[in-house]
Amino acid sequence: MNVYISKDQEWFCQMRNILEKKLMSYWTIFILYCIFSIVTIENYQLPWGDEIFFVDMAQNYLTTGKLINFAFFPESPVEIKYYGPVFFWLNSKLFATFGFNIWTGRILNLFSGLIIIVISLKILEHLEIKKRYIYLFLLLIMTDPNFNFILHSGRMDFVATMLFMVAVYMYMFIEIKSRYKYFLCGALIALGALTTSRLFLLLPFLIFYPLFGETKAEKKKIFMSLVFVFAGMIVIYFTWIAYEFKDLNDFRNCFLIKTGLDNNESNVFNIFMLSGDWFNKLFRNSYLFIPRYIIFYGAVIYLIVKKNIENRKNLIFFTLVSLSLIVLVREIASEAYIAMVKPLIYIIIVYMTYDIFVKTKRWKIYKYGVIALLIIVLSIHCVSMSDKLIKIWVTQNELNNAGIEKMIKMTIPDGSLVMADPRYFYECKAINCKFIAEKKDISKIAPEYIITKNEEFNNIKYDLISDFAYLKWKPKSDIDILQKLLDLTSTRSSYSTNAYIFKRIS
């Protein structure tokens, strides 16, 4: 019996199928997250020290062609070459094309972070896990307070990580029967290392990767692929050294001495390998997120014990990269640098969860443990995200950059030498001021104007000429929702205080 379907009914069925398949797909959720991240790019956190350190260098690179940091080293602004030129070159092009402001200062790292998530989703698709576990990955990464903090930070970490993740995706999943593929992977990793040399800390444990080949031939194949990867890295990185430095000794002096590592008290080995206690190193000095690391280390043990896991070789690669950074980065850096491997950590956790629940009939006690820990981790993440959303909503009026910029323009002449909190970096730069980070010795620098929250700033060489309201809240990656909820019982003005502008007496 033939059933007649009208055009309206056919259209309705087609739309229903589209909505069911696409509307709430993980790509749709990711797009919504992108919109949220872009909308909050200006108000997610205040400008802070690391941000203006790197943005100032990028702007100076645009105007002088040199990696000079004036904001933090006004007494003797020398070139800081050990970061590499990639981030600063890209940022300087953004400034030249779209102007200098907080958007162009932050968008490169934010865009790179979003690309990292895209690559992570593509990796999970290649690992062929069920869709609901990809939703779990998105939920973990999108609510991670540290990942979101770095995403809006104006730093270069995610630019380097994005280049590394592209190389990893190409290395594992793009089929090209040529050793040039591995050479290109190495070149991309070298470009990441020329964005921040911390990327090198992801690589040392990969020397163990060939050991996980199932046969002697496979172990040899993995070893040779890594040889070509490291060859690509060496060619690109040493090309930069040959172009930028006189010789290897000049490179060594720049990289070690000017980072403060080349001295008897704190050499490279002590800072990166043996500093502090191992408990804080393994849990990144963050007791609040211990459950996350318990799941991760549990997943690592699971990978080692259960040798018949599908995609085990790829997961071992992710594990070696993640553990390398965790072990080698000093614990006092907290979770800041670990954000570079957060996507890989969550891929490992999600795949382990998928394998336990779908592929394994045993391990029941571990299933309950994983569920409990995931609930704890996601609860902490969601509370932290709620805390952040409350801050953004409550402080909308106080985050009035246009008003602050107008006040500074009325008070401070263009091109003046200004010392201020990083909070006012973009407003001062908008009128072409030479910006110096607060807390420098004014007797040596003698700034023309000082913006400070200290009403009792006493100096016979400076007069108070103006004051205005400013936001006293500072960005934090830790959860402080209790204090903020207490603040909500009072007025919004509790978030504001006054800043004072002092002028040097001629």
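That block above? That's the structure.
The present account deals with the structure reproduced in this document.

Thresholds, definitions, all that
Residues numbered from 1 in each chain as written. Predicted model: local features only at pLDDT ≥ 70, side-chain atom pairs only at ≥ 80, totals over all residues. Heavy atoms only, no water. Phe/Tyr/Trp six-rings, centres within 6.5 Å; stacked < 30°, edge-to-face > 60°. Buried < 20%, exposed > 50% of the residue type's maximum accessible area, 1.4 Å probe, protein only. Lys NZ or Arg CZ within 6 Å of the ring centre and 35° of its normal. Axes fitted to C-alpha atoms, helices over the stretch in contact; angles between N-to-C directions. Helix = DSSP H or I, 4+ residues; strand = E, 2+ residues; numbered from the N terminus. Parallel < 35°, antiparallel > 145°, perpendicular 65-115°, else oblique. Left-handed = near helix turned anticlockwise from the far one by under 90°. Contact = heavy atoms within 4.5 Å. Nonpolar A, V, L, I, M, F, W, Y, C, P; charged D, E, K, R; others polar. Pairing = 2+ DSSP bridges. Core = buried A, V, L, I, M, F, W, Y, C linked by side-chain atoms within 4.5 Å. Salt bridge = Lys/Arg side-chain N within 4 Å of Asp/Glu carboxyl O. 1 Å grid on protein atoms, 1.4 Å probe; cavity = no way out; pocket = protein on both sides within 12 Å on 5 of 7 lines; lining within 4 Å. Points joined across faces, edges and corners; volume = space filled by probe spheres on them.

**Considering the packing of aromatic side chains**
In this structure the tally under the stated criterion is 31 aromatic pairs. Measuring from ring centre to ring centre gives 5.3 Å for Phe296 and Tyr297, while their planes differ by 50 degrees; the resulting arrangement is tilted. We note that Phe296, like Tyr297, is buried. Between Phe425 and Tyr426 the ring centres are 5.2 Å apart and the planes differ by 80 degrees, which places this aromatic pair in the edge-to-face class. According to the relative accessible area criterion, Tyr426 is buried, its value standing at 8%. Taken together, the ring pairs in this structure connect Phe53, Phe54, Phe72, Phe73, Tyr83, Phe87 and Phe88 into an aromatic cluster. Positioned above the aromatic ring of Phe245, the side-chain terminus of Lys81 is 5.3 Å from the ring centre.

**Focus on the packing of helix α4 (residues 86-98) against helix α5 (residues 102-126)**
Contact geometry for α4 and α5: axes closest at 10 Å, N-to-C directions at 135 degrees. Between α4 and α5, the angle falls in the class oblique. Here α4 and α5 pass one another in a crossing that is right-handed. Contact residues: Phe87, Leu90, Asn91, Leu94, Phe95 and Phe98 in α4; Thr104, Gly105, Ile107 and Leu108 in α5. Of the residues in the contact of α4 with α5, the class split is seven nonpolar, three polar and no charged.

**Points about the pairing of strand β3 (residues 449-452)**
Burial along β3 is two-sided: Tyr449 and Ile451 and Ile450 and Thr452, pointing in opposite directions, are all buried. The pairing of strand β1 (residues 417-420) with β3 spans three bridges and is parallel. Within β3, the position partnered with Ala420 by the bridge is Ile451.

**Notes on the nonpolar core**
If you look at soluble globular proteins, the nonpolar side chains tend to sit buried side by side. In terms of nonpolar packing, the biggest core is built from 99 residues, with Tyr171 and Phe318 touching the most fellow members. Among the elements that line this core, the one with the most residues is helix α8 (residues 157-173), at 13 residues. The contacts of Tyr171, once residues within four sequence positions are left out, are Lys181, Tyr182, Cys185, Tyr209, Ile222, Ser225, Leu226, Val229 and Phe317. Judged by nonpolar contacts, the second largest core, of 46 residues, contains Val86, Phe88, Cys254 and Ile408.

**Side note on the packing of helix α14 (residues 290-305) against helix α16 (residues 342-359)**
Interaxial distance between α14 and α16 falls to 9 Å at its minimum, and their mutual angle equals 60 degrees. You can see that α14 and α16 cross each other, and the crossing is left-handed. The segment α14 lies against α16, with Arg292, Tyr293, Ile295, Phe296, Ala299, Tyr302 and Leu303 engaging Lys342, Ile345, Tyr346, Ile348, Ile349, Met352, Asp355 and Ile356. Residue classes in the contact of α14 with α16 are distributed as 12 nonpolar, no polar and three charged.

**Notes on the pattern of salt bridges**
Applying the stated rule across the entire model yields 12 salt bridges. One salt bridge connects Asp144 with Lys342, and the closest N-O pair in it is separated by 3.2 Å. Remark: Lys342 occurs in helix α16 and Asp144 occurs in the loop between α6 (131-142) and α7 (145-151); sequence separation between them is 198 residues. Of the two residues examined, Asp144 and Lys342, each falls in the buried class. Where Arg198 meets Asp157, a salt bridge forms, and the shortest distance between an N and an O atom there is 3.7 Å. You can see Arg198 sitting in the loop between α9 (180-193) and α10 (216-244) and its partner Asp157 sitting in helix α8, a full 41 residues away along the chain. Across the pair, exposure class does not vary: Arg198 and Asp157 are buried alike. In this structure, a network of salt bridges that share partners links the residues Asp50, Arg155, Asp157 and Arg198.

**Re unusual backbone geometry**
A positive phi angle is found at Glu128, which is not glycine, with a value near 60 degrees. With respect to the helices, strands and loops of the structure, Glu128 is situated in the loop between α5 and α6. Phi at Asn311 takes a positive value of approximately 60 degrees, unusual for a residue other than glycine. Relative to the helices and strands, Asn311 is located in the loop between α14 and α15 (312-328).

**Section: the layout of surface pockets**
The space that makes up the second largest pocket amounts to roughly 560 Å³. Along its surface, the second largest pocket is lined by 20 residues, and Tyr171, Lys181, Tyr182, Lys221 and Lys313 are the ones closest to its centre. Put simply, the parts of the chain that give the lining of the second largest pocket at least two residues each are α8, α9, α10 and α15. The leading source of residues in the lining of the second largest pocket is α10, at six residues.

**Looking at the side chain of Asn91**
Looking at the secondary structure, you find Asn91 in helix α4. When residues no more than four places from it in sequence are discounted, the contact partners of Asn91 are Ala58, Thr104, Gly105 and Leu108.

**Details of the environment of Ala446**
Tracing the sequence through the fold places Ala446 in the loop between α20 (442-445) and β3. Classification of Ala446 by relative accessible area gives partly exposed; the value is 28%. Those residues within four positions of Ala446 in sequence are excluded, and the remaining contacts are Leu417, Tyr462 and Arg504.

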